[in-house]
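So the chains spell out like this:
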Amino acid sequence: MLKWNKEIVPESLLDEIKKIPGAYYKEKGEEYRHGLYASNDLKIIITNMLHANPSWVKSETKNIKPSSPLPSILFPWQKEASVKLAKNEKRFLWHFCGSGKSLTVLSACSLMGASKVLIITRSMGKDVYARDLIKINDNRHVAILMGLKGEGKGLEYGLRKYNKYLEARGFFASAYKEVPQNAYITVCPWEILHAHVEDLLKIQWDVIIFDEHHLGKGRLAKRTEAALEISKKAEIKWSLTATPVRDRLKDLWAQWKCIDEWSAGSSWNWMIRYCNMHENRWGGMDANGTSNLDELQERLSVLADIKTRKEVMHLLPGKMRNMIRLDEKISEKHFDYSQRGIESAIATAANLKIDEVVERCIESLLGREKIVLTGNRRLWVPTVYEKIKNTLPNSIKDKAWIKWTTGENNVGDRQELANEYMKMPEMSLLIATSDSISESIDLQDTDRLIVAALPYTPGQLVQLEGRVSRLGGSRPVTIDYLIAENTIDEQIEDSLLNKLDAIESVGANTEVSMGIGKIDEEKVIEDLNKWLKENAKR
């Protein structure tokens, strides 16, 4: 914590100090304090602004005695960030999409000897922490909160089904409808946070982690109010996101307030100081602008550990695969598979993913990535394109390159579009049906491939990955396979995708090098058709 010393700061400067959010507040004992974090550069800025002595600023961090060594699987930037978090030197972890933020904070928790951790994250990613604990050889228990109180038999069925899923994958985790008292990590989705506030407030946490913290924006939103209240139950709080400010700078205030309520100051002062808040011509207040950004950036440079993909690109492996399971609530939608083939069932699963696809594409564009998104139906592609265009934040609306193509376009037009995409340096998205780019189209300068319609044969998979991971490519690529629970995706995952290695070198696109050379394609198709019959009446 940093404090202003009343003996040093002249009374005449207090009015100026008050203009900096979090720099001043008054207690009953007439004691002046603040939570303003400042680097050496900011000390100079404040000194010049207020014509005073920079010896005002005093910083305090925590000494740690490592309880365990850092896992060897961490990248260098993850190890560095883990130590900074554990020592309380950093509070914001703003690393690029797919950088392994969950592994970083789990390692930091272990490093500082935490025994009671609360993680608030998206419902879709609620089992990620259980999976990553296994990666760092930690078998402590994870409690995953599900549903709302009073959902009755439907919730009980969902708990049993999800617990079977956790057990089948060897996770040291269980699903609960109420907050347990004895778990090492408790995971609560943002979507149901307000329903569990009362129980979560009964526990004093060692660490509270706000994952995907951009979802907690809006100072008056229910989930934001719940997060602010819960944040008071731990001394150490960390904020994780790849996109802290999607559109308006004012959204950052709620995130800052959660991790340090004093240094954030009031939302009103924040918007005046950093959002250029002023009265508009209709008499209301407009806080959609920016102001004093140099000062804000200096403050954030002390609080935030920031890593972009471009900064660490030379350290990344050639190809990384992520199997991303979507929220179980999609199982509420039922379909008659009796008259459908495999590709039709895959298309049905892809339709369920549209909202998640849009969210992930926008997040990657905000991270200035080059993305290829694939589906398997011609109508799906333009539908997703329109939804993304209509949802883009204003900050990148005129900067992002977004185009689409399907098999209806001739090969020449598709190649021309691919060439245009390849020339884009960053912030670009090509949406296509898998068949339209599966052969002879080179897209190797890609940061991320998002697969919404899963390939279901080894040949399809090799062709698809071969478009973005080829010798001569200048970028490591991350491939995200989106898996919708309770759909044919799960069978494809078990029969095909789970046979793949998580990490490979560039150009490793033959069936042998990808680890699927011995897969019996006929057996895969047989298993998929069997699944269709078993689920015909769903």
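Whatever comes next refers back to the structure up there.
Residues numbered from 1 in each chain as written. Predicted model: local features only at pLDDT ≥ 70, side-chain atom pairs only at ≥ 80, totals over all residues. Heavy atoms only, no water.

### Observations regarding the packing of helix 4 (residues 101–111) against helix 5 (residues 128–135)
- For the pair helix 4 and helix 5, the least separation of the axes is 10 Å and the interaxial angle reads 65°. In this structure, the crossing between helix 4 and helix 5 has a hand that is right-handed. Contacts between helix 4 and helix 5 pair Ser102, Leu103, Val105 and Leu106 from the former with Val128, Tyr129, Asp132, Leu133 and Lys135 from the latter.
- Split by residue class, the contact of helix 4 with helix 5 holds six nonpolar, one polar and two charged. (Axes fitted to C-alpha atoms, helices over the stretch in contact; angles between N-to-C directions. Helix = DSSP H or I, 4+ residues; strand = E, 2+ residues; numbered from the N terminus. Left-handed = near helix turned anticlockwise from the far one by under 90°. Contact = heavy atoms within 4.5 Å. Nonpolar A, V, L, I, M, F, W, Y, C, P; charged D, E, K, R; others polar.)

### Brief notes about the pairing of strand 5 (residues 142–145)
- Burial along strand 5 is two-sided: the face carrying Val142 and Ile144 and the face carrying Ala143 and Leu145 are both buried.
- Looking at chain direction, strand 5 and strand 6 (residues 173–176) are connected through four bridges and run parallel. Counterpart to Val142 in the pairing with strand 6 is Ala173.
- The pairing of strand 5 with strand 7 (residues 185–189) spans three bridges and is classified as parallel. Directly across from Ile144, in strand 7, lies its bridge partner Val187. (Buried < 20%, exposed > 50% of the residue type's maximum accessible area, 1.4 Å probe, protein only. Pairing = 2+ DSSP bridges.)

### A closer look at the packing of aromatic side chains
- Per the counting criterion, the structure on display carries ten aromatic pairs.
- Ring geometry for Trp190 versus Phe210: centroids 6.3 Å apart, planes at 35°, classification tilted. Taken together, the residues Trp190 in the loop between strand 7 and helix 7 (193–200) and Phe210 in strand 8 (residues 207–210) connect sequence positions 20 residues apart.
- Overall, the relative accessible area of 1% leaves Trp190 in the buried class.
- Just above the ring of Tyr184 sits the side chain of Arg140; from NZ or CZ to the centre is 3.6 Å.
- Against the face of Tyr421 rests Lys370, its NZ or CZ located 4.5 Å from the ring centre. (Phe/Tyr/Trp six-rings, centres within 6.5 Å; stacked < 30°, edge-to-face > 60°. Lys NZ or Arg CZ within 6 Å of the ring centre and 35° of its normal.)

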